[in-house]
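# Architecture at a glance
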Amino acid sequence: MNVPAKRLPLAAAITATLAAGQPLLALGQDNPALEEIVVTGSLRSLPGEDVDVFGFGKSLLETPRSVSTISADQMERFNVNDIDELIAFSPGTFTQSFFGVAGSLDIRGTAGETYFRGIRRVDNPGNYATPIAAADRVDIVRGPASPIYGPAKVGGYLNFNPKSARAGSGEYLDENTGGLSYTTGKWDRQVLAGDLGGPIGDNAGYYLYGEYEDSDSFYDNTATEQTILQAAFDVDLTERLHLQFGAMYHDFLGNQVAGWNRLTQDLVDNGTYVTGTAQPLDTDGDGKISDQEYNATAAFGPDGQTISQFFLFPSFVTEEDLNPLSALENPGTTTLSRSNVLVDPNDELDNETLTLYFDAIYEMDNGLKVTNQLFYESLENNNENAYGFSQGGETWVFEEKLIFAYTLDGNGMTSSLQFSPSVRHTDFERGNDFANEYFDRRDLSQTAAERDPSLDTRLLSTQIDADYDDYRFGDYTMWGLAFLGDFVWDNGLNITLGLRQDWLDMESNSDLNRLLSPDPDLVAANPNGIVTVTDSDDITSWTVSASWATPLGLIPYATISEQSTVVASQMGDLPVALVRDGTATDVSELVEFGIKGSYLDDTLYFALAAYEQERTDFNAQDIVTNATTQTEGYEAELRWVVTPQLVVTAAWTNVEVTMATAVENGTQFSFFGAGDMPQINPALIYGGQAIGLIPVGGEGNVAGLKQGIPENIFSATATYDFDNGLAVNASVIDVDSTYSSFSKVVELPAYTLVNAGISYETDNWKLSLTGKNLTDEEYFRANFTNLFGAQIVLPELPRHWVAKVDYRF
């Protein structure tokens, strides 16, 4: 019994919701006696709007999966700036740092994905910050996507719903409406945004949005400049044919933030930092250290190893075995500021993304609904970090999806059926430079004027278009057929079934001419310098869900599914080795049980879920973007419009993630930190690095659990509108302690984050002020726990403020 949510023009505080006033009816059952109830003041936080998890447009209450939705009204009231802050509203979304860039959520402890209006975008773990200010609503689906959407990661996804020309009730805006806003804040935050929407004649509407940001940062040598442009159009060509089309352009210029280096427990607990400068390696005097100059250090190392030395286990490291060029000069200690982080003034993260969509929806006389969706996205990225990592490349994707939908009523049951053929093509080219990536060589206690950049600045591959560790280009095409059925009986029973088959053709090429150290056998076998591998595969996905709308108003549900995934890397590119070995695809499994309910005239919504999910192939993984994991946990969510003025939410997350491949192999490859090697003086290694294997299982070893994701997280929000233009809000997020690395040698403390704000609104103006981290908690976010977590960690923002002025017309 879902009454569609209504939205008034954007200038108003709006919302709407489920019909109410009597016990919950069977889903899909008509009741002419019901009146539409509008729950004012809810900020569209209640589950009235359709969320297309399965493609049937069910509300959150009706959907047999763990899902949250956060409206633009909520994000505006609480001054949400990036996706990392969504943890206040949604369980299961605590996200580790991806070098300080809020690209994609971690969902249920593993890397998630981002969708645009229900279609998967190009992978973005940390290529640019996802611009949620341009969203009318974001939906967070925990667990793998439905088969209707194609192959997906096991963790889940965020669905980005752009600002639309239509009101939620299906009516166009009656007149032009829009506004201008200016946002400022601590550290010279400067954001200017504007939007304009309205009708085009009697049968069309438009919505335009633009945003420009030029902001400094708490972190040294860090700034963000970005431009976001968005346009959306809706047109009724006839009574039966409707078009929706639009575009979004995003130009992002900033940098990644690795955080603190030379990580120790003393640094986290007390801010005590090991100082000292690395020894000079720039033998040609050009101010940068080339790969060849790094590799020349092998002449001084035991067993011919460079200052990047491999040891089987951390306990095998001895001071006598270290390369003498790894030792710091003039070591000592000092207290490090949290803003002193591993960012060079010349570091750059430059990303340009263009997204286009065109939907045609036709409803026939016999009830058949045909939807044709076209989607295109391109991503061009250049990422340079002076400590030794660079990436450059371009990816574009095109998807065509055709959906035939039909609904049958009769014999006490409503059947909704969908059949969907689709094709998705991805074209990629990406160069990667990481072999000589040294986090600890730079002394963060030195100012830019004091530091000699030639001691730690790498000559990067993207600067010379050579000496890459990996340079790949290619494409892959997926042809898919999906069928979904949703069956609702008058007694409240609801069964949802889905089946999908995908056929993949994949090609990935390695350009040996651009590599630092190409395999001599491959060079001899490929005179043109190009290694080409191809593979084809067919993969199956399916889902079965059952729920029951009980007379008590509770809806218990169960879902089991098996979802295919493509193991792509950081720009949607396919590693040559995975295509060659036939491990570029895999399958994930989900078992989820839950219960949902709506009470108090549908002003109180809650949901509980328990789940287990896992990737099945231990060899098919990308350790950064799509690792093989086994996850189990519990999630709870509550949303309550206590009065028309008071809205509260609460969430709880309990999660445990096991690194399945590490457990299977008994080891996990990692960069060793000082805590891994207590038997040596860390000043003897900070000018280089030790790498090797962390033992898993057995007495005295780690158990194989992923770190950096707290086991328990509690969050709550509240907002009160005084009905005179004044409103207040507050949020609290309580997070368990966790560890920075897989090896569990540096513990990151538990913390409680408190935010609060106040706003005042007139007919045309709105002013808001938000204080964040009001208690000035010193807390940290882990960074790449499986690889680098023992060497680096991100200190999070201290107490700060954000203010916004908004004019509406």
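Note that the coordinates shown come from a computational prediction; the quantities given were computed from them, not determined experimentally.

## Focus: the overall build of the protein chain
Within the protein chain, the regular secondary structure consists of 7 helices and 38 strands. Relative to its length of 809 residues, the protein chain is compact, with a C-alpha radius of gyration of 27 Å against a globular reference of 28 Å. For the protein chain, the spread of C-alpha atoms along the principal axes amounts to about 85 × 60 × 55 Å. Scored against the burial criterion, the 809 residues of the protein chain give a buried share of 60%. Across the protein chain, contacts joining residues at least 24 apart in sequence account for 70% of those joining residues at least 6 apart. Here the protein chain has roughly 29500 Å² of accessible surface; of this, 54% comes from carbon and sulfur atoms. Placing the 44 positive and 117 negative side-chain charges of the protein chain at their respective mean positions leaves the two points 5 Å apart.

## Description of the pattern of salt bridges
Enumeration over the complete set of coordinates arrives at 35 salt bridges. Two residues, Glu377 and Arg121, come together in a salt bridge whose shortest N-O distance is 2.8 Å. Taken as a pair, Glu377 in strand β17 (residues 369-385) and Arg121 in the loop between β5 (119-120) and β6 (135-142) lie far apart in primary sequence, 256 residues in all. Just as Glu377 is buried, Arg121 falls in that class too. A salt bridge links Asp456 to Arg451; the shortest N-O distance between them is 2.8 Å. Just as Asp456 is buried, Arg451 falls in that class too. Where salt bridges share partners, they join Arg65, Arg108, Arg142, Glu592, Glu635, Glu637 and Arg639 into one cluster.

## Considerations on the sheet that holds strand β28 (residues 667-671)
The mixed open sheet is built from 3 strands, whose spatial order is β14-β29-β28. The sheet terminates laterally at β14 (308-311) and β28, the two strands that pair on one side only. On average, adjacent strands in this sheet sit at an angle of 20° to one another, irrespective of strand direction. Here β14 runs beside strand β29 (residues 689-695); their pairing, made up of 4 bridges, is parallel. Across the sheet, residue Phe311 finds its bridge partner in β29, namely Gly692.

## A closer look at the environment of Gly92
Here Gly92 is to be found in the loop between α1 (72-77) and β2 (106-107). For Gly92, a relative accessible area of 5% translates into the label buried. Along the primary structure Gly92 and Ala111 are separated by 19 residues, whereas in three dimensions their C-alpha atoms are 12 Å apart. Here Gly92 is in contact with Asp106, Ile107, Arg108, Arg142, Glu635 and Thr653, once residues within four sequence places are set aside.

## With respect to the packing of aromatic side chains
For the structure on display, the rule yields 35 aromatic pairs. Counting every residue linked through ring pairs, the aromatic cluster contains Phe98, Phe99, Tyr387, Phe439, Phe669, Phe671, Phe784 and Phe788. A cation over a ring is seen here: Arg338 above Phe780, with NZ or CZ 5.0 Å from the ring centre. Geometry around Phe94 places Arg781 over its ring, the cationic atom sitting 5.2 Å from the centre.

## Observations concerning the environment of Thr414
Mapping Thr414 onto the fold places it in strand β19 (residues 413-433). Non-local contacts of Thr414, meaning those with residues more than four positions away in its chain, are made with Thr407, Leu408, Asp409, Asp486, Phe487 and Val488.

## Thoughts on the environment of Leu574
Topologically, Leu574 is positioned in the loop between β23 (554-566) and α6 (576-581). Measuring from C-alpha to C-alpha, the distance between Leu574 and Thr426 comes to 9.9 Å, with 148 residues separating the pair along the chain. Every residue in contact with Leu574, bar those within four places of it in the chain, is listed here: Phe428, Arg472, Tyr476, Met506, Ser508, Val566, Val567, Ala568 and Val579.

## Description of the sheet that holds strand β4 (residues 113-116)
Spatial ordering of the open sheet is given by β1-β6-β7-β4-β5, a layout of 5 strands whose pairing is mixed. The outermost strands of the open sheet, each flanked by one partner alone, are β1 (67-71) and β5. Inspection of the sheet shows β4 paired to strand β7 (residues 156-162) by 4 bridges, in the parallel sense. Looking across to β7, one finds that Thr114 is bridged to Leu158.

## Regarding the nonpolar core
Leu86 and Leu158 are the most contacted members of the largest nonpolar core, which has 48 residues in total. Counting residues per element, this core draws most heavily on β6, at 3 residues. The contact partners of Leu86, leaving out residues within four places of it in the chain, are Ile70, Met75, Val80, Thr93, Leu105, Val138, Ile140 and Leu158. In terms of nonpolar packing, the next biggest core, distinct from the first, is built from 31 residues, Leu342, Val746, Leu787 and Val793 among them.

## Let's talk about unusual backbone geometry
Positive phi, close to 50°, is recorded for Phe99, a residue that is not glycine. If you trace the backbone, Phe99 turns up in the loop between α1 and β2. Residue class for Phe99 comes out buried when judged on its relative accessible area of 5%. With a phi angle near 60°, Lys744 is a residue other than glycine that sits in the positive phi range.

## Focus: the confidence of the model for the protein chain
In this model, the protein chain carries a mean pLDDT of 90, and residues with pLDDT of at least 70 account for 92%. A low-confidence stretch, residues 1-38 (pLDDT under 50), is modelled with 106 contacts involving residues beyond four sequence positions or located in other chains.

## Thoughts on the side chain of Ser326
Tracing the backbone shows Ser326 in the loop between β14 and β15 (329-335). The class for Ser326 is buried, based on a relative accessible area of 0%.

## Some points on the pairing of strand β9 (residues 189-199)
In terms of strand pairing, strand β8 (residues 177-185) meets β9 through 9 bridges, oriented antiparallel. Residue pairing for β9: Leu180 is matched across the bridge by Gly194. Taking the residues that link successive antiparallel strands as the turn, the β8-β9 hairpin has 3 residues, and the phi of Trp187 there is positive, at about 65°. In sequence, β9 turns back onto strand β10 (residues 204-216) through a hairpin of 4 residues, with Gly201 there showing a positive phi of about 70°.

## A word on a negative patch on the surface
A cluster of acidic side chains, namely Asp188, Asp214, Asp216 and Glu225, defines a negative patch on the protein surface. By the element assignment, Asp188 lies in the loop between β8 and β9. Given a relative accessible area of 40%, Asp188 falls into the partly exposed group.

## A look at the pairing of β4
Residue alternation in β4 divides its side chains into two sets, Glu113 and Tyr115 and Thr114 and Phe116, and both sets are buried. Alignment of β4 against β5, held across 2 bridges, turns out to be antiparallel. Directly across from Tyr115, in β5, lies its bridge partner Arg120. Connecting β4 to the antiparallel partner β5 that follows it, the hairpin turn spans 2 residues, and Arg117 within it adopts a positive phi of roughly 55°.

Cut-off values and rules
- Residues numbered from 1 in each chain as written.
- Predicted model: local features only at pLDDT ≥ 70, side-chain atom pairs only at ≥ 80, totals over all residues.
- Heavy atoms only, no water.
- Helix = DSSP H or I, 4+ residues; strand = E, 2+ residues; numbered from the N terminus.
- Rg over C-alpha atoms; globule rule 2.2 N^0.38 Å.
- Buried < 20%, exposed > 50% of the residue type's maximum accessible area, 1.4 Å probe, protein only.
- Contact = heavy atoms within 4.5 Å.
- Areas by Shrake-Rupley, 256 points an atom, 1.4 Å probe, with all protein chains shown as cover.
- Lys, Arg positive; Asp, Glu negative; His and termini not counted.
- Charge placed at Lys NZ, Arg CZ, Asp CG, Glu CD.
- Salt bridge = Lys/Arg side-chain N within 4 Å of Asp/Glu carboxyl O.
- Pairing = 2+ DSSP bridges.
- Axes fitted to C-alpha atoms, helices over the stretch in contact; angles between N-to-C directions.
- Phe/Tyr/Trp six-rings, centres within 6.5 Å; stacked < 30°, edge-to-face > 60°.
- Lys NZ or Arg CZ within 6 Å of the ring centre and 35° of its normal.
- Core = buried A, V, L, I, M, F, W, Y, C linked by side-chain atoms within 4.5 Å.
- pLDDT = per-residue confidence, 0-100.
- Patch = residues over 30% accessible without salt bridge, like charges linked within 9 Å, V, L, I, M, F, W, Y side chains within 5 Å.

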